[in-house]
Structure formats: structure tokens, C-alpha cells
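# Secondary and tertiary structure notes
In case you want the letters, here they are:
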Amino acid sequence: MSEERREDRDLYERVMEVSRRRGFLLPSCRIYGGARGFYDYGPLGALLKRKIEEKWREYYVYREGFMEIEAPTLLIGEVFEASGHVDHFIDPMTYCRECGEFFRADHLVEEELGIDAEGLSIEELERLIREHDLRCPECGGELGEVTEFNLMFRTNIGPKEGRDGYLRPETAQAIFIQFKDLYRWARQRLPFGVVQIGRAYRNEISPRQGVIRLREFTQAEAEVFLDPEDKRYPGRWDYERERLLFYPIEEQRKDDGEMLEMRVEEAVEEGLVSQPIGYFLGLTKRMLVEMGIDEGAIRARQHLPEERAHYARDCWDVEVRLDRFGWVEVVGIADRTDYDLRRHSEHSGEDLRAFEELDEPRIVYRPEPIMEKLGPEFKSDAPKIAEELRRIKAESREELEGGLTVEVDGEEIEVPPDCYEIVEEKVTGRRFYPHVVEPSYGIDRILYCVLEHNFDPEEGMFRFPAWLAPIEVGVFPLLKRDDMVRYARRIARELREEGFTVEYDDSGSIGRRYARADEIGVPYCVTVDHDTLEEDTVTIRDRDTTEQVRVPVDELPEILRGLIDGEIEFEEAGEPV
RNA sequence: GCGGCCGCAGUCUAGUCUGGUAGGACGCGGGCCUUCCGAGCCCGUGGCCCGGGUUCAAAUCCCGGCGGCCGCACCA
């Protein structure tokens, strides 16, 4: 009966059950009844997560050479005002008391009354709804109170009121606001990349699906700064040769739309994806496959215009197919253009532009305002006019002669020639806002995909790639006898000193210990037996074949390292048993 | 946030309808056994999601909360 029931449960349920029982993932705050949208990583989960993050670093930091920074998760309000998150992340909501339908209060007022409701306060929206007796557009029911739905967690910094702060809804902003220093550290040369791995927070209305939608989650983001005039990322690796399933907007809109399988380089050539996005799609696919995710269950799907974020011009998700949830976004690669740097420049007053030196300096001409003339002539408008004049550049002196027209506050103003002096200026380069292509990884989702895709439902165990297994080596005495126990403990200690994650186990029978190790995906188990005591050799058991080889104890660390790094085949690791 | 179903040791579950104070299996810890693939035997560990109400008495009935699953909505 219970066996039958076990088979009824879907993969998600089984994976989560093992994960909970063996300490990968557990609901937070359990003794207080749990907290939706929050999960703890248990001992094995924390190890696994670290290995995933480290693999990510291998790709982005060690191989691409991107700079890694780590910034606070709590940032002051101005940052998110500039980034657009305050406007785009806080929605006034209302709902129907009859049918329970949920609405954006401002959209509803706009549609029903035909007025611009943007920026209206909660109270004003509430008043408009009551005054005009607005009803539910679905069923005509009475509407509930208007509440501010705040996707960002807001707090105060400092005592009392203090300064506004938000827990970051994405890690990216911290990178943009440090652009000046980062650019300098990159020797002021584009392209360059900056990464960050860290927590981000979103107060989701209704988080579900375990670790797939969390209120606190881990992002690994890379911001790749590119020259908009040559918006390519010349990667040093061959990820563009990866084959991938592409699901572009046009196919999604067709009734019989299908995914197109091709190499990244072909997709770039055909104009399906931009080169930098393509490069990181290919990179991502290779990384996911390395983590044991099924190649056929990975695709690149382009965002439809209506689902794009406020900052994105184009965005492709890398999705992984899961048993229960279908295609799930695990990585988003967005073209953020110069949106963020421009906004932060405008809001902070800092110039966050890059500079490129020209091969040959150019001579340009510009009007330099003469304030003694401008002042008496235009009074209080003079400073603004001067500012506008300084913006004007010309190829030749003649273009500026005989007076100029500038626009100030929407008004055309004629500036007579005696109000400025034409000066010659040497231009040595151009200043511009770099564009940003952002591959953004949801580490928690990837971790769940890794669990599900490496889960063997027949045996009820994880078959992680050896390098990824949270516990790399199990060490057991064949019998729970003092001499074997001592020997095995010593081996376990020595392997730990060599940097392996090791589990020593002497409880129950040897078969039970292998089974326990299999369940959490331990790739190799070392057993101390009678021969070990005689001749200092041990057996290594391979998780996936259950075959064993016998090796000398003093070569054990080296052999295990080779096995885990995939440098030696198991059959060649020692004498077959 | 709405509606439906649900909540008992680490896991799976009997008991809930009909109120009388919780039983099993696996796991886990210890012991025996001395054994290379979840063996056996003995001992032990551990539970009614939280709060309130009804009642002499609540796992059981009622209300509220929290949490889980499904559908809707939300997920820039």
C-alpha cells in the first residue's frame, strides 16, 4: 500500500522528500509553523550550493576574467528610485469582494474613468473608486480596499525614521552605482564584466513551488559592459558552437510554433539573437549540462515584449524542463542597454560614462559664452543659456558665426554673436554610456534542477557528477571492530586534510551504509577490510556501477582526486575486485 | 489575495465520521551478531501545526491563524 502510494508521488514530491529528510532543503522557521517563500539549506544543501556557485565562478571569474564584488543587500532608497524599481515594483492593488479577482487599482481607475492615474496615492485611488462607485470589471462585485503592494522589502536605516532603505530586488544595482571605480579597475577598457553572487529579496504575493519562487533567493549576476557602437562580446571560449533549442518571439506567437535547434553561431548569423546574448546562452548551456542537467531539457526562450522588465530591450531566458512545473526560467540574459548607467548618472549627478580615445584627435569648434554680455541681456535665463551654448559643437568656425539659437525650457532663444566667443577645442576621444548585457542566474532554481535532473527515481538516489556531490567520499570499516574502525577513521581524517568532503559511517551493516551513501549521491566509498590490515590496501566502490577496485592506501588521495576530476576511469583506478 | 482539498514522531501511516487523552512500520541511537551491497535479534529515542472556544473530557467538534498541494490572480 505505502509502496503503491510512493509510486503515485511525482518527481518533485520525491525529490523534495529526500532533500528534506537528508538535509538538502528544509522549510525555514519550522518550529513556528514555517514561513512561506523561505527555505533553509541544510548541511548537504549548503555544500551543494557552494559547489554550484563555485562552478559559476569558474566560468565567469576564472575563465572570462570578470571582476567579482560583494556589496550590501540593503541599499538606500535613492538607488532604487534611480533604477526605476520604486516606480515599477510598487503597485497599488485592489480586489473584488465577490469573485476575488485581483486588480491594479491605478489601471482600473485609468480604464474606467479615462484619466491618468499614474502617481496617484493610495488614498486618492480609494477615494476615486468610492466616489465613482467603481465595480469589479469581471463580475460587478464590490471592490475591496486599495493597498500598496510592495514587491520590495522596505525599511529604515538608522534610529527612528532614518533614511529610506530597500532590500535589493536584484544584485545588479550595486554594480552600476560603483561603475566609476570598476571601470578604472578594468583599465578603462571595454568590454569588461563585473559579477556578484548574493541574496536578493522580493515580497512575492504568493510564493509556491518550494525553492522555485522564494522571497529571499540567491542570484549570480554578471554585468557585461559593451561599447554600443561595437556591441559584441569577444569571448575567449567556443560557447558559440553549442547547439541549443531556440524559442524566439515569432515562434511563440504562432499556433504551431516550434523550437528551433541550431548552433549559437547560426542563430547569431541569422539575426535570431545578438552576439553577446548568444555567447552567454551557449556558456550557460554548457554549464548546466556539466551539472548533470539533461541536454534536451534546456532551451532558450525570448521574452515577449509584454513580459520584459522596465529596463530591458531584449531578454532571453534559459529554461529547464521540470517534471511538475514544465519549462522553468533558471537564467535570464537581458540587454539592459544604457538604461541603468544613464539613470544613475541623472539621479546622482555623477558622470558614469566611458571614454574612448580616438586614433587621431579631432578639432572642433564651440561657442564659449561671455557672461558679461549674456547676463545683462538675458538676466535669470543666462545660466541656462550658457549651459546650452556649451553643448554646441561644430566642425567648422563658420557654422557658429552670426548668432545661434538655443532651446531653453521649450523656448527658442536667439543668442547674438557678441554673447559668445568661438573657441577651438581638441577632441581626443568620445564619451558614451556603455551598454550592459546581463546574464542573471537563479542559483536556488538551478540547485533544484540539479537535484531533480540527477535524481534516479528507480533507486531513489542522486547521481550527481562526482565533482558536484556534496559528500565526495564515504569511508567505512567492513566490520565494526576496533582495529578496522581505527584504520577507517584515520583514512577519513587524512582525506579531509586533503580537502575532500568525507563521511565516515560504521553503523548498521555495510550494505546499509552503501545505500545511505548512494541516496545522497556519494560517488565513491572506501572500505577498510581484513586485507587492509594485512597489506594496507582498501577498496573503492563506484556509486553508479557498484563495482569495486582495490588500491594502496597511500595512493588513495591521488586516485580519488583523479576520479572526482574525471581524469581517470574507474576501471583503471586499481585492481578490479 | 480568493476558492477547494489537507496538516499525527525524521518519513509513511492507523485512529477523526460516532469526543474518553495515540498505535504500527521504516528511520535514528545503543547493544548482540562479525557480515561487501538497505540481513537478524534486543533495548532505547521521538508525535497529534499554533491559538482560542464548546465540553467533566478535544488528534477528533466549532472559530481564527500558520503551513502544504491544486485552480484563479500575481510573478516588472
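A quick note: this is a predicted structure, and the numbers were derived from the prediction, not measured. (Residues numbered from 1 in each chain as written. Chains lettered and ligands numbered in written order. Predicted model: local features only at pLDDT ≥ 70, side-chain atom pairs only at ≥ 80, totals over all residues. Heavy atoms only, no water.)

## Focus: the overall build of chain A
- When helices and strands are tallied, chain A shows 20 helices and 29 strands.
- Reported as C-alpha extents along the three principal axes, the dimensions of chain A are approximately 105 × 70 × 60 Å.
- The burial tally for chain A puts 50% of its 577 residues in the buried class.
- For chain A, long-range pairs separated by at least 24 residues make up 66% of all intrachain contacts whose partners lie at least 6 apart in sequence.
- When the accessible surface of chain A is split by element, carbon and sulfur atoms take 43% of a total near 28900 Å².
- Between the averaged position of the 81 positive side-chain charges in chain A and that of its 132 negative side-chain charges there is a distance of 4 Å. (Helix = DSSP H or I, 4+ residues; strand = E, 2+ residues; numbered from the N terminus. Buried < 20%, exposed > 50% of the residue type's maximum accessible area, 1.4 Å probe, protein only. Contact = heavy atoms within 4.5 Å. Areas by Shrake-Rupley, 256 points an atom, 1.4 Å probe, with all protein chains shown as cover. Lys, Arg positive; Asp, Glu negative; His and termini not counted. Charge placed at Lys NZ, Arg CZ, Asp CG, Glu CD.)

## Considerations on the pairing of strand S15 (residues 314–322)
- Most of S15 sits out of view: eight of its nine residues are buried.
- Relative to S15, strand S14 (residues 298–302) runs antiparallel, the two sharing five bridges. In the strand pairing of S15, Gln 302 is matched with Trp 316.
- In this sheet, strand S16 (residues 326–337) lies alongside S15 in antiparallel orientation, the contact comprising nine bridges. Each residue of the ladder has a partner; that of Glu 319, found in S16, is Glu 329.
- Where S15 folds back onto S16 in an antiparallel hairpin, the turn is made up of three residues. (Pairing = 2+ DSSP bridges.)

## A closer look at the sheet that holds strand S28 (residues 548–552)
- Within the open sheet, the six strands sit side by side as S25-S24-S26-S27-S28-S29. Their pairing is mixed. At either end of the open sheet lies a strand with only one pairing partner, and these are strand S25 (502–504) and strand S29 (575–576).
- Bridge analysis of strand S24 (residues 473–477) against S25 gives three bridges, and the strand direction is parallel. Paired with Val 475 across the bridge in S25 is Tyr 504.

## Section: the packing of aromatic side chains
- If you walk through the whole model with that rule in mind, you get 28 aromatic pairs.
- Measuring from centroid to centroid gives 5.8 Å for Trp 56 and Tyr 441, while their planes differ by 80°, and the two rings are edge-to-face. With a gap of 385 residues between them, Trp 56 in helix H3 (residues 43–63) and Tyr 441 in strand S21 (residues 435–442) connect regions that are remote in the sequence. For the pair Trp 56 and Tyr 441, a shared accessibility class is recorded, and that class is buried.
- Taking 5.4 Å as the distance between ring centres and 15° as the angle between the ring planes, the aromatic pair formed by Phe 179 and Tyr 183 counts as stacked. (Phe/Tyr/Trp six-rings, centres within 6.5 Å; stacked < 30°, edge-to-face > 60°.)

## What about the nonpolar core?
- Tyr 60, Phe 246, Leu 281, Tyr 441, Ile 540 and Leu 560 are the most contacted members of the largest nonpolar core, which has 106 residues in total.
- Tallying contributions element by element places H3 first for this core, with eight residues.
- With residues up to four places along the chain from it excluded, the contact list for Leu 281 reads Leu 244, Phe 246, Val 273, Ala 300, Trp 316, Val 318 and Ile 333. (Core = buried A, V, L, I, M, F, W, Y, C linked by side-chain atoms within 4.5 Å.)

## A closer look at the layout of surface pockets
- For the largest pocket, the calculated volume is near 1200 Å³.
- In terms of lining, the largest pocket is formed by 41 residues, of which the most central are Phe 89, Leu 151, Arg 202, Glu 204 and Glu 329.
- Mapped by element, the contributors of at least two residues to the lining of the largest pocket are helix H5 (85–89), strand S5 (90–95), strand S11 (216–226), S15, S16, S21 and helix H16 (443–453).
- Ranked by residues supplied to the lining of the largest pocket, first place goes to S16 with six residues.
- Here the lining of the largest pocket is built from residues that sort into 19 nonpolar, eight polar and 14 charged. (1 Å grid on protein atoms, 1.4 Å probe; cavity = no way out; pocket = protein on both sides within 12 Å on 5 of 7 lines; lining within 4 Å. Points joined across faces, edges and corners; volume = space filled by probe spheres on them. Nonpolar A, V, L, I, M, F, W, Y, C, P; charged D, E, K, R; others polar.)

## As for the packing of H3 against H16
- Contact geometry of H3 with H16 gives a least axis separation of 10 Å together with a crossing angle of 110°. Put simply, H3 runs roughly perpendicular to H16. In this structure, H3 contributes Gly 45, Leu 48, Lys 49, Ile 52 and Glu 53 to the contact, and H16 contributes Ile 443, Asp 444, Ile 446, Leu 447, Val 450 and Leu 451.
- In terms of residue class, the contact of H3 with H16 is built from seven nonpolar, one polar and three charged. (Axes fitted to C-alpha atoms, helices over the stretch in contact; angles between N-to-C directions. Parallel < 35°, antiparallel > 145°, perpendicular 65-115°, else oblique.)

## Observations regarding the protein's contact with RNA strand B
- Among the 42 residues in the neighbourhood of RNA strand B, the closest are listed as Arg 36, Phe 89, Ser 509, Arg 516 and Arg 541.
- Of what RNA strand B places within 4 Å of the protein, 55% of the atoms are sugar or phosphate.
- Between Ser 206 and RNA strand B, the recorded distance is 3.5 Å, taken from a side-chain N or O atom to a base oxygen.
- Within the contact set of RNA strand B, a phosphate oxygen lies 2.3 Å away from a side-chain nitrogen or oxygen of Ser 509.
- Sorting the residues of the surface near RNA strand B by element identifies helix H1 (2–8), helix H2 (11–22), helix H18 (510–519) and strand S27 (537–542) as the ones contributing at least two each. (Near = heavy atom within 4 Å. Polar contact = N/O pair within 3.5 Å; in protein donor to acceptor, adjacent residues only side chain to side chain.)

## Examining the sheet that holds strand S9 (residues 163–167)
- Spatially, the three strands line up as an open sheet ordered S4-S9-S8, and their pairing is antiparallel. Across the chains shown, the open sheet's two edge strands, defined by having one partner strand only, are strand S4 (74–76) and strand S8 (154–157). Averaged over all pairs of adjacent strands, the angle between their axes in this sheet comes to 40°, without regard to strand direction.
- Alignment of S8 against S9, held across four bridges, turns out to be antiparallel. Looking across to S9, one finds that Asn 156 is bridged to Asp 164.

## Observations concerning the environment of Glu 68
- Checked against the element boundaries, Glu 68 lands in strand S3 (residues 67–68).
- Taking relative accessible area as the criterion, Glu 68 reaches 32% and is therefore assigned partly exposed.
- Look past the residues within four positions of Glu 68 in its chain and what remains in contact with it is Arg 57, Val 61, Val 195 and Ile 197.

## Some words on the confidence of the model for chain A
- Across chain A, pLDDT averages 89, with 95% of residues at or above 70.
- Interface confidence for the predicted complex, expressed as ipTM, amounts to 0.90; the pTM equals 0.88. (pLDDT = per-residue confidence, 0-100.)

## Topic: a negative patch on the surface
- Side chains of Glu 534, Glu 535, Asp 536, Asp 554, Glu 555 and Glu 558 sit close together on the surface and give a patch of like negative charge.
- Looking at where Glu 558 falls in the secondary structure, it is placed in helix H20 (residues 556–564).
- Judged by its relative accessible area of 63%, Glu 558 is exposed. (Patch = residues over 30% accessible without salt bridge, like charges linked within 9 Å, V, L, I, M, F, W, Y side chains within 5 Å. Salt bridge = Lys/Arg side-chain N within 4 Å of Asp/Glu carboxyl O.)

## Observations regarding the pattern of salt bridges
- Scanning the entire structure with this criterion turns up 52 salt bridges.
- Here Glu 319 and Arg 301 are joined by a salt bridge, their closest N and O atoms 2.9 Å apart. In this pair, Glu 319 is assigned in strand S15 and Arg 301 in strand S14, connecting sequence segments 18 residues apart. Across this residue pair, the class does not change: Glu 319 and Arg 301 are buried.
- Between Asp 351 and Arg 353 there is a salt bridge, with its nearest N and O atoms 2.9 Å apart.
- Take Arg 353: its relative accessible area is 32%, and that puts it in the partly exposed class.
- A cluster of three or more residues bridged by salt bridges with shared partners is formed by Asp 238, Glu 242, Lys 285, Arg 286 and Glu 295.

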